[in-house]
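# Fold and contact review
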Amino acid sequence: MNVSPGGPLIDVAATYMPRLSEFSFEPGLVAAVDQHAAAVCDALIPAQRGPQGRTVGREELADYVLGFTDWLSEVDWTEPVGHDFATLRLTAVCWLIREHDLLGV
């Protein structure tokens, strides 16, 4: 696995970023992902606020993703058809990656 701070974000984005295209077909998905994104932001320590609201950092989000995906491995999670807690959470991470341009150089 890539040990750079952006490594786990790149992996999650490659797998779950395409799910963002489902927003236009499933309005309820937007609300669910928004709630999960807020929960992820609340979990990031320290909470940082800028003039536009909460600022999400690449390293903090990468650490969160590593912990979350480690937990998924421990419980032998497999991706289902559709959306469960884990797919919603990982899709929310992708939304945060996109909204905060965390893969930009």
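Overview of the structure. (Residues numbered from 1 in each chain as written. Predicted model: local features only at pLDDT ≥ 70, side-chain atom pairs only at ≥ 80, totals over all residues. Heavy atoms only, no water.)

With a phi close to 55°, Asp 76 is a non-glycine residue in the positive phi region. Its location among the elements puts Asp 76 in the loop between α3 (58-74) and α4 (85-99). (Helix = DSSP H or I, 4+ residues; strand = E, 2+ residues; numbered from the N terminus.)

Once that is clear, we can look at the nonpolar core. Soluble globular proteins: nonpolar side chains tend toward being buried together. Core analysis: the largest hydrophobic core is formed by 29 residues, its most contacted members being Leu 9, Val 12, Val 56, Leu 61, Val 93, Leu 96 and Ile 97. Those elements that provide at least two residues to this core are α1 (7-16), α2 (27-43), α3 and α4. Top element by residues in this core is α4. It accounts for 8 residues. When near neighbours in sequence (up to four residues on either side) are disregarded, Val 93 contacts Leu 9, Val 12, Val 40, Leu 61, Tyr 64 and Val 65. (Core = buried A, V, L, I, M, F, W, Y, C linked by side-chain atoms within 4.5 Å. Buried < 20%, exposed > 50% of the residue type's maximum accessible area, 1.4 Å probe, protein only. Contact = heavy atoms within 4.5 Å.)

Moving on to the packing of aromatic side chains. Taken as a whole and assessed by the stated rule, the structure comprises 3 aromatic pairs. Note on Tyr 64 and Phe 68: the rings are 6.1 Å apart at their centroids and 5° apart in plane angle, and the pair reads as stacked. Taken as a pair, Tyr 64 and Phe 68 lie in helix α3 at a separation of 4 residues, close to a single helical turn. Chaining the aromatic ring pairs together yields one cluster made of Tyr 64, Phe 68, Trp 71 and Phe 85. (Phe/Tyr/Trp six-rings, centres within 6.5 Å; stacked < 30°, edge-to-face > 60°.)

Once that is clear, we can look at α2. In this model, α2 (17 residues) spans 25 Å end to end at C-alpha, consistent with the 24 Å of a helix rising 1.5 Å per residue. Three or more residues of α2 are buried, namely Leu 29, Ala 32, Val 33, His 36, Ala 37, Val 40 and Cys 41. (Expected span 1.5 Å × (residues − 1).)

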